[in-house]
Amino acid sequence: MSSMQFLTRSSLPRLAYYRIAAKNPGVVFLSGFKSNMNGEKALALEAFCDSAGYSFIRFDYTGCGSSEGNSEDCLLRDWKNDVLTVLDNLTTGPQILVGSSMGGWLMLLASLARPEKVAGMVGLATAADHFVTAFRQLPAEIRHFAKERFPSFPDLPPAMLWEKLTLSFNDKGLISALYSQLMSLEVQDLNKTETRWEDDFGMDLAEEYWAKTLNRVHSSSSCARLGLIQFEVLHGVHLSKVRLVDMYPGTDAGCDR
C-alpha cells in the first residue's frame, strides 16, 4: 500500500490522499457523505487496481477523514471542487470515476465540469440530488427558516410527481395523475413484451392466451414490477431459443415444444 500524502492548496485546507501511479485510464474513488477514504469499498478497489496494474487514487474531502478543515463549514460545491482539484493535479489523462452514495453525485457534477478528464463512471447507490429531496421532506417551518436565514439559498427545481406524493396529499388530482402515469408505463412495457413474444414465435398471440399469461404472472408476484421481471425471465430463458442462438451460435432455434 502507498503512503498517505497531502495535496497543498493556496488558502484552502490540505487534502489527504493515497495514490498508485501506474497505467491509465486510472480509477478515482469518491466516498459517500460522512465517510472517508479508508472504507471497505475504497480499499478493495485499491487492491484490485494494484494487482491489475492500474493507477488509483482515494482521498478525503475537506473536513473529512484525514484531510484538513471542518466538514460543518462545507457545502456540496466545496467537495465538488475537491474532486476537480484532485483530477487537475493528481491524474494524467481521463480517469474512471467510482462514486459511492454522495460520491456518485459528486462524480456526475465533476464529469459535467471536466468531461475531458472522465473516461467512464461507475455509481454505487448513487445519491444524486439527495440533499434536495431531503430538504423537501423537512417540515415547512424548517424550510421557511432556512430560506429566511440564508437569503442566497438556491431555488429548488420543480418537484417530481413522486416527490409531491411523499410530501403532500393535498394537491387536487395528484393521486389520479400518479396512477395514470404508472398505468401508462405498465401498459407500454407489456405491449413491448408481447410484441417480442410474437416476433420470436412468428405468430400472433390470441388475446385469451395473453390475458391468461398475464393473470398467472400477476397472481404469483408481490408487485407489478416483479411480475414484469419474472415475465422477462420466463420469456428470455425458458421460451426464447431465438435469443439463445444470438448468444451461442450453432444452437437449434426451433422451439422445444
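A quick note: this is a predicted structure, and the numbers were derived from the prediction, not measured. (Residues numbered from 1 in each chain as written. Predicted model: local features only at pLDDT ≥ 70, side-chain atom pairs only at ≥ 80, totals over all residues. Heavy atoms only, no water.)

Trainee: Would you mind showing me how to read the sheet that holds strand 1 (residues 5–9) here?
Mentor: In any sheet, the strands associate via hydrogen bonds between backbone groups, in a parallel or an antiparallel arrangement. Ordered by their spatial adjacency, six strands build an open sheet running 1-2-4-3-5-6, and the pairing between neighbours is mixed. The open sheet has two edge strands, strand 1 and strand 6 (118–124), and neither has a second partner. Here the strands of the sheet are splayed against their neighbours by 25° on average, with no regard to which way each runs. One ladder, built from four bridges, connects strand 1 with strand 2 (residues 12–20); its direction is antiparallel. Bridge pairing in strand 2 places R9 opposite L12. Strands strand 3 (23–30), strand 5 (95–100) and strand 6 of the sheet are contacted by helix 3 (residues 102–113), whose axis makes an angle of about 145° with strand 5. (Pairing = 2+ DSSP bridges. Helix = DSSP H or I, 4+ residues; strand = E, 2+ residues; numbered from the N terminus. Axes fitted to C-alpha atoms, helices over the stretch in contact; angles between N-to-C directions. Contact = heavy atoms within 4.5 Å.)

Trainee: Would you mind showing me how to read the packing of aromatic side chains here?
Mentor: Here the distance between the centres and the angle between the planes together describe a pair of aromatic rings. Tallied over the entire structure, the rule returns three aromatic pairs. An angle of 85° between the planes, with centres 5.5 Å apart, marks the rings of F59 and Y61 as edge-to-face. Y61 carries the same exposure label as F59, and that label is buried. Cation over ring: R14 sits above F6, and NZ or CZ is 4.3 Å from the ring centre. (Phe/Tyr/Trp six-rings, centres within 6.5 Å; stacked < 30°, edge-to-face > 60°. Buried < 20%, exposed > 50% of the residue type's maximum accessible area, 1.4 Å probe, protein only. Lys NZ or Arg CZ within 6 Å of the ring centre and 35° of its normal.)

Trainee: Any chance you could explain the packing of helix 2 (residues 76–90) against helix 3 here in plain terms?
Mentor: For any two helices packed against each other, one specifies the inter-axial angle together with the distance between the axes. It is at 9 Å that the axes of helix 2 and helix 3 come closest, and there the two elements cross at 60°. The pairing of helix 2 with helix 3 is recorded here as oblique in orientation. Crossing hand, helix 2 versus helix 3: right-handed. Contacts from L76, W79, K80, V83, L84 and L87 of helix 2 reach helix 3 at M102, W105, L106, L109, A110 and A113. Its residues assigned to classes, the contact of helix 2 with helix 3 shows 11 nonpolar, no polar and one charged. (Parallel < 35°, antiparallel > 145°, perpendicular 65-115°, else oblique. Left-handed = near helix turned anticlockwise from the far one by under 90°. Nonpolar A, V, L, I, M, F, W, Y, C, P; charged D, E, K, R; others polar.)

Trainee: How should the nonpolar core be read in this particular structure?
Mentor: A general trend in soluble globular proteins is that nonpolar side chains are found buried together. Grouped together as the largest cluster of nonpolar side chains are 24 residues, with contacts concentrated most on F59, Y61 and V83. Setting aside its immediate chain neighbours within four residues, V83 contacts L30, F59, Y61, L106 and A110. Of all hydrophobic cores here, the second largest spans seven residues; its members include V27, C49, F56 and V98. (Core = buried A, V, L, I, M, F, W, Y, C linked by side-chain atoms within 4.5 Å.)

These values are about where atoms sit, not about what they do.
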